[in-house]
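Summary of structural features
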Amino acid sequence: MGSKKATVDIETELNQRIAAVDPQLHRIHNLADGRCQLYAICDSFNAMQHHVPGWAPQPITVPSLHAQMIDYMLEHAAEFSEGMTDGQFERILDRQLVDPHNWGNNATLAACASVLQVCINIIQAPSGQPLNSVVKIEPQGVDPAHVIRIAYHRQLHYEGLTIWPLDVVPPLQSPPQAITTSPASTINAAESRDDDTEA
């Protein structure tokens, strides 16, 4: 009973934190199949690009972002290895190469931000920080106006965030799920799934 209440409390806290950052933001649920970080980044990127004047990059798919992320990390191995223990970077890469469903971490977040040339703001719960605080991933030289936001909760799961109107759903990279439009309502997003996404 205590665990269920804690999960509900974290959900409430996350919704409050998202609303404090931007009350127009809505959560895009996805499967916890190991690729939630990539789903979240792709869904937010494909949606949020429509809200920045003069910014019109091509939509990204999960398989494409995963491949580009690995290439970027290989090309910048020295940069990513800095501050890691012996062999840690190689283990991260090996896991990603062997299994694309492997969980992402701060290194993969930074690589994705550089590949997409965006800043990534992460809204997370639980957190002891002020309600409207975000964790920022800001690659050098990226326009600060080119920012996407994702949610991270229970130190386990990432979700995309969108400010699309409720009757317009972007092509989602997540498997068929629902977009949480408010704590009390959802819309079916199954038909918006991109067929190029691996299930």
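Residues numbered from 1 in each chain as written. Predicted model: local features only at pLDDT ≥ 70, side-chain atom pairs only at ≥ 80, totals over all residues. Heavy atoms only, no water.

Glancing now at helix 5 (residues 88-98). Listed in full, the buried residues belonging to helix 5 are Phe89, Ile92, Leu93 and Gln96. In an axial view of helix 5, the angular spread of the buried residues amounts to 95°, which keeps them on one side of the axis. Against helix 3 (62-75), helix 4 (77-81) and helix 6 (106-116) lie the buried residues of helix 5. (Buried < 20%, exposed > 50% of the residue type's maximum accessible area, 1.4 Å probe, protein only. Helix = DSSP H or I, 4+ residues; strand = E, 2+ residues; numbered from the N terminus. Arc of directions from axis to C-beta. Contact = heavy atoms within 4.5 Å.)

Take the side chain of His26 next. On the secondary structure map, His26 appears in strand 1 (residues 26-28). Residue class for His26 comes out buried when judged on its relative accessible area of 15%. For His26, the side chain forms a polar contact with the main-chain oxygen of Gln24, separated by 3.3 Å. (Polar contact = N/O pair within 3.5 Å; in protein donor to acceptor, adjacent residues only side chain to side chain.)

Next up on the list: unusual backbone geometry. A cis geometry characterises the amide bond from Ala125 onward to Pro126, with omega recorded as 0°. The backbone of Arg154 sits at a positive phi, close to 60°, despite the residue not being glycine. Considering the arrangement of structural elements, one finds Arg154 in the loop between strand 4 (147-153) and strand 5 (157-162). For Gln155, which is not a glycine, the phi torsion comes out positive at approximately 55°. Mapped onto the fold, Gln155 is located in the loop between strand 4 and strand 5.

So, about the pairing of strand 2 (residues 119-125). With 6 of 7 residues buried, strand 2 lies mostly within the body of the structure. Relative to strand 4, strand 2 runs parallel, the two being bridged by 7 bridges. Directly across from Ile122, in strand 4, lies its bridge partner Ile150. Strand direction decides the pairing type here: strand 2 and strand 3 (residues 135-137), joined by 3 bridges, are antiparallel. (Pairing = 2+ DSSP bridges.)

Grouped together as the largest cluster of nonpolar side chains are 45 residues, with contacts concentrated most on Ile41, Leu65, Met73, Ile120, Ile148 and Ile150. Of all the secondary-structure elements, those providing two or more residues to this core are helix 1 (2-21), helix 2 (36-48), helix 3, helix 5, helix 6, strand 2, strand 4 and strand 5. Broken down by element, this core gets its largest block of residues, 8 residues, from helix 2. Leave out the neighbours within four places in its chain, and Ile120 touches Ile41, Leu109, Ala113, Val135, Lys136, Ile137, Ile148 and Ile150. (Core = buried A, V, L, I, M, F, W, Y, C linked by side-chain atoms within 4.5 Å.)

The tally for this structure, following the rule as stated, stands at 0 disulfides. Counting only cysteine sulfurs, Cys42 is the nearest neighbor of Cys112, a cysteine outside any disulfide, at a range of 7.5 Å. Note on Cys112: relative accessible area 0%, which makes it buried. (Disulfide = S-S within 2.5 Å.)

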